[in-house]
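# Per-entry structural report
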Amino acid sequence: MKKMFVALLFIILPSVMFAQVSPFAKFEDRTGITSVIVNKKMFELIGEMKMDPKDKDVQQYQNLVRKLENLRVFTTSNAKYTGEMKATVDSYLKSNPLDELMRVNSDGNNIKIYVKQGATSTQLKELLMFIDGSKGDTVLMSLTGTFDLNDISILTDKMNLPGGPALKKASKK
């Protein structure tokens, strides 16, 4: 019985460990790709910072960051990495179906924003944005947690995220 338990543990453990790794993690340490990774612990620390209680924007921002779990932003102007990012996003969307929120073609940049809805129509569990920068930087952004779409514009303002204007448009729709 003990041997069977140990064998079962060895079978299950790798799948649990790999399930927690983001498919976008492979872009984190590559020369030619700028990456920004913010984990749940950092969001918790920001949410606990003492800020002006009279400033409503600051209060909304703190309430939002408490709800976030992970933010990953990758930018590159390298055509090879752009293709690899696009393929990774396409593969991710096949295995994790997300709803397309909006698509924008502006100045040669194709911007696509996908979401996974939560309990309400404006509540989200995941937001994925991909800017195919044929004439500029390519941006891949993944945001997870349980947050409201209407709060995204606050996040883009305070954190100065690439693709912020597209996210603001999405939050207004």
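Everything below is about the structure printed above this text.
Residues numbered from 1 in each chain as written. Predicted model: local features only at pLDDT ≥ 70, side-chain atom pairs only at ≥ 80, totals over all residues. Heavy atoms only, no water.

Looking now at the packing of helix 2 (residues 40-48) against helix 3 (residues 56-67). A pair of packed helices can be characterised by two numbers: the angle between their axes and the separation between those axes. Two elements in contact, helix 2 and helix 3, have axes separated by 8 Å at closest approach and are oriented at 155 degrees. Viewed along their axes, helix 2 and helix 3 adopt a mutual orientation that is roughly antiparallel. Crossing hand, helix 2 versus helix 3: left-handed. On the side of helix 2, the interface is formed by Phe43, Ile46, Gly47 and Glu48, while helix 3 contributes Tyr61, Gln62, Val65 and Arg66. For the contact of helix 2 with helix 3, a count of residues per class yields 4 nonpolar, 2 polar and 2 charged. (Axes fitted to C-alpha atoms, helices over the stretch in contact; angles between N-to-C directions. Helix = DSSP H or I, 4+ residues; strand = E, 2+ residues; numbered from the N terminus. Parallel < 35°, antiparallel > 145°, perpendicular 65-115°, else oblique. Left-handed = near helix turned anticlockwise from the far one by under 90°. Contact = heavy atoms within 4.5 Å. Nonpolar A, V, L, I, M, F, W, Y, C, P; charged D, E, K, R; others polar.)

Attention now goes to the pairing of strand 6 (residues 138-148). For strand 6, a buried count of 9 out of 11 residues is recorded, marking the element as mostly surrounded by other parts of the structure. Looking at chain direction, strand 5 (residues 123-133) and strand 6 are connected through 8 bridges and run antiparallel. For Met129, the partnering residue across the bridge sits in strand 6 and is Met141. (Buried < 20%, exposed > 50% of the residue type's maximum accessible area, 1.4 Å probe, protein only. Pairing = 2+ DSSP bridges.)

One open sheet accounts for 6 strands, arranged 1-2-6-5-4-3; its pairing is antiparallel. Every interior strand has two partners, whereas the edge strands, strand 1 (34-39) and strand 3 (99-106), have only one. Put simply, the sheet's adjacent strands are angled 10 degrees from each other on average, direction ignored. Relative to the sheet, helix 3 contacts strand 2 (68-76) and strand 6, its axis offset from that of strand 2 by approximately 95 degrees. Across the sheet, helix 4 (residues 79-95) lies against strand 2, strand 4 (109-117), strand 5 and strand 6, angled at about 150 degrees from strand 5, the strand it touches most.

Where strand 3 lies against strand 4, 7 bridges are found, and the strand directions are antiparallel. Paired with Met102 across the two strands is Ile113, which belongs to strand 4. Hairpin connection from strand 3 to strand 4: 2 residues lie between these consecutive antiparallel strands, with Asp107 at a positive phi of about 55 degrees.

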